[in-house]
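Remarks on the overall topology
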Amino acid sequence: MTDDWSSNEVTAPVPRVLDDGEALLVAEDIGVRASWGHIYGPTSLRVAEGGVTVLVGSGGRGRTALLLTLAGRMKPTSGSLTAFGRRNDARHLFARAAIADIDEVDGIEQAIRVRDVVTEQIRWHAKWYKWVRQARQEDLERICAPVFGDLSLPSMDAFIEELPELTASLFRIAVANVARPPLLVVGGVDRLARIESTRILTERLVDLGRNQTVVTADVNGVHAGIGVREAILVDNLTDQEFVKLEQQERTL
């Protein structure tokens, strides 16, 4: 735990120039456009292998779509994305990435118990011919402990809607990350209402980054002393007029 997070000081996002050999993901002027209009882009960035990379940019559908693209869940309609040595191969990327805490992908029904979600995840990853019993406490610990660390795990009988926001986010990350693929993409940590919760969640992602490459997002930048490998300022995620208003608000 650090005291830096409670202050208003954040480190400026200064992208580091990487050689292609160092980068796990290389996006060059990628963008997504739907039939009804522009979603995001053109955007260029490079994500190094290992640790936590935070994309610093405005929240909303554009940033969400970019995270989906970096996890192979959405194909860019322009530009090129090289991931794991393959160019514009979303299927190859999909198989090597987990995505968590993004409602459009892993939203969990609120009127369901933790036990049922854990059971479903175990069944989903089991061989088709294998019978899977209802999840037990040891299953919860096996799946959640790497993400929760020293934090308390949720009760097996708790309803998802009863979980505190930090616990709910960590739980969603844990069940999405069961297979522990090399890349983990997590919805913006700035979704949490409490600054302390955001700090703790980021620290847990940093711990996961010891064995995986983790990508997340935060409109506010990265607070000092948290252990994030790199912060990348990402442009063209939303309407430029909104960007100007956000920049003005930060200087007030």
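Summary of the structure given here. (Residues numbered from 1 in each chain as written. Predicted model: local features only at pLDDT ≥ 70, side-chain atom pairs only at ≥ 80, totals over all residues. Heavy atoms only, no water.)

Here the focus is the sheet that holds strand 3 (residues 51-56). What the five strands build is an open sheet, ordered 6-7-8-3-9; its pairing is parallel. Only two strands of the sheet have a single neighbouring strand rather than two, namely strand 6 (97-100) and strand 9 (230-233). Taking the axes of each pair of neighbouring strands and ignoring which way they run, one obtains an average angle of 20° across the sheet. Examined bridge by bridge, strand 3 and strand 9 share four bridges and lie parallel to one another. Among the inter-strand pairings, V54 is bridged to a residue of strand 9, identified as A231. On top of the sheet, helix 6 (residues 165-176) reaches strand 6 and strand 7 (183-186); it is set at about 155° to strand 6, its chief contact. Contacts from helix 7 (residues 195-208) reach strand 3, strand 7 and strand 8 (213-217), with the element oriented near 155° to strand 8. (Pairing = 2+ DSSP bridges. Helix = DSSP H or I, 4+ residues; strand = E, 2+ residues; numbered from the N terminus. Axes fitted to C-alpha atoms, helices over the stretch in contact; angles between N-to-C directions. Contact = heavy atoms within 4.5 Å.)

It is worth spelling out the packing of aromatic side chains at this point. Tallied over the entire structure, the rule returns zero aromatic pairs. Positioned above the aromatic ring of F94, the side-chain terminus of R73 is 3.9 Å from the ring centre. (Phe/Tyr/Trp six-rings, centres within 6.5 Å; stacked < 30°, edge-to-face > 60°. Lys NZ or Arg CZ within 6 Å of the ring centre and 35° of its normal.)

Looking now at the sheet that holds strand 4 (residues 78-83). The four strands are arranged 2-1-4-5 in an open sheet whose pairing can be described as antiparallel. Strands with a single pairing partner mark the edges of an open sheet, and in this sheet they are strand 2 (37-48) and strand 5 (86-87). Sheet topology places strand 1 (residues 23-34) next to strand 2; eight bridges connect them, and they run antiparallel. The residue of strand 2 that forms the bridge with V32 is Y40. Each of strand 1, strand 2 and strand 4 touches helix 1 (residues 61-70); the most contacted strand, strand 2, lies at about 50° to it.

This part covers the pairing of strand 7. Both faces of strand 7 are covered, namely the face carrying L183 and V185 and the face carrying L184 and V186. The sheet contact formed by strand 7 and strand 8 spans three bridges and is parallel. Within strand 8, the residue paired with L183 across the bridge is T213. Tracing the backbone out of strand 7, into helix 7 and back to the parallel element strand 8 gives a crossover that is right-handed. (Buried < 20%, exposed > 50% of the residue type's maximum accessible area, 1.4 Å probe, protein only. Right-handed = clockwise from strand over helix to strand, strands pointing away.)

V114, V118, F171, I173 and L205 are the most contacted members of the largest nonpolar core, which has 41 residues in total. Among the secondary structure elements, those contributing two or more residues to this core are strand 3, strand 6, helix 4 (114-125), helix 5 (137-148), helix 6, strand 7 and helix 7. The element contributing the most residues to this core is helix 6, with seven residues. Filtering out sequence-adjacent residues up to four positions away, L205 remains in contact with V52, I173, V186, V189, V214 and T216. I30, L45, A71 and L183 belong to the second-largest nonpolar core, a separate cluster that totals 29 residues. (Core = buried A, V, L, I, M, F, W, Y, C linked by side-chain atoms within 4.5 Å.)

The contact between helix 5 and helix 6 brings their axes to 9 Å, and the two run at 115°. For the crossing formed where helix 5 meets helix 6, the hand is right-handed. Between helix 5 and helix 6, the contacting residues are L140, I143, C144, V147 and F148 on the first element and T167, L170, F171, I173, A174 and V175 on the second. (Left-handed = near helix turned anticlockwise from the far one by under 90°.)

With that settled, consider helix 5. Where helix 5 is concerned, the buried positions are D139, L140, I143, C144, V147 and F148. Along the long axis of helix 5, the arc covered by the buried residues comes to 125°, so they all point the same way. Taken together, the buried residues of helix 5 touch helix 4, helix 6 and helix 7. (Arc of directions from axis to C-beta.)

With that out of the way, let us pick up the environment of H38. Position of H38 relative to the elements: it lies in strand 2. A residue is classified by how much of its surface remains accessible, and H38, at 35% relative accessible area, is partly exposed. As for H38 and L237, which are separated by 199 residues in sequence, their C-alpha atoms are 9.7 Å apart. Not counting chain neighbours up to four residues away, the residues in contact with H38 comprise V32, R33, R61 and N236. Engagement of the side chain of H38 in a polar contact is seen with the backbone oxygen of Y40, the distance being 3.3 Å. (Polar contact = N/O pair within 3.5 Å; in protein donor to acceptor, adjacent residues only side chain to side chain.)

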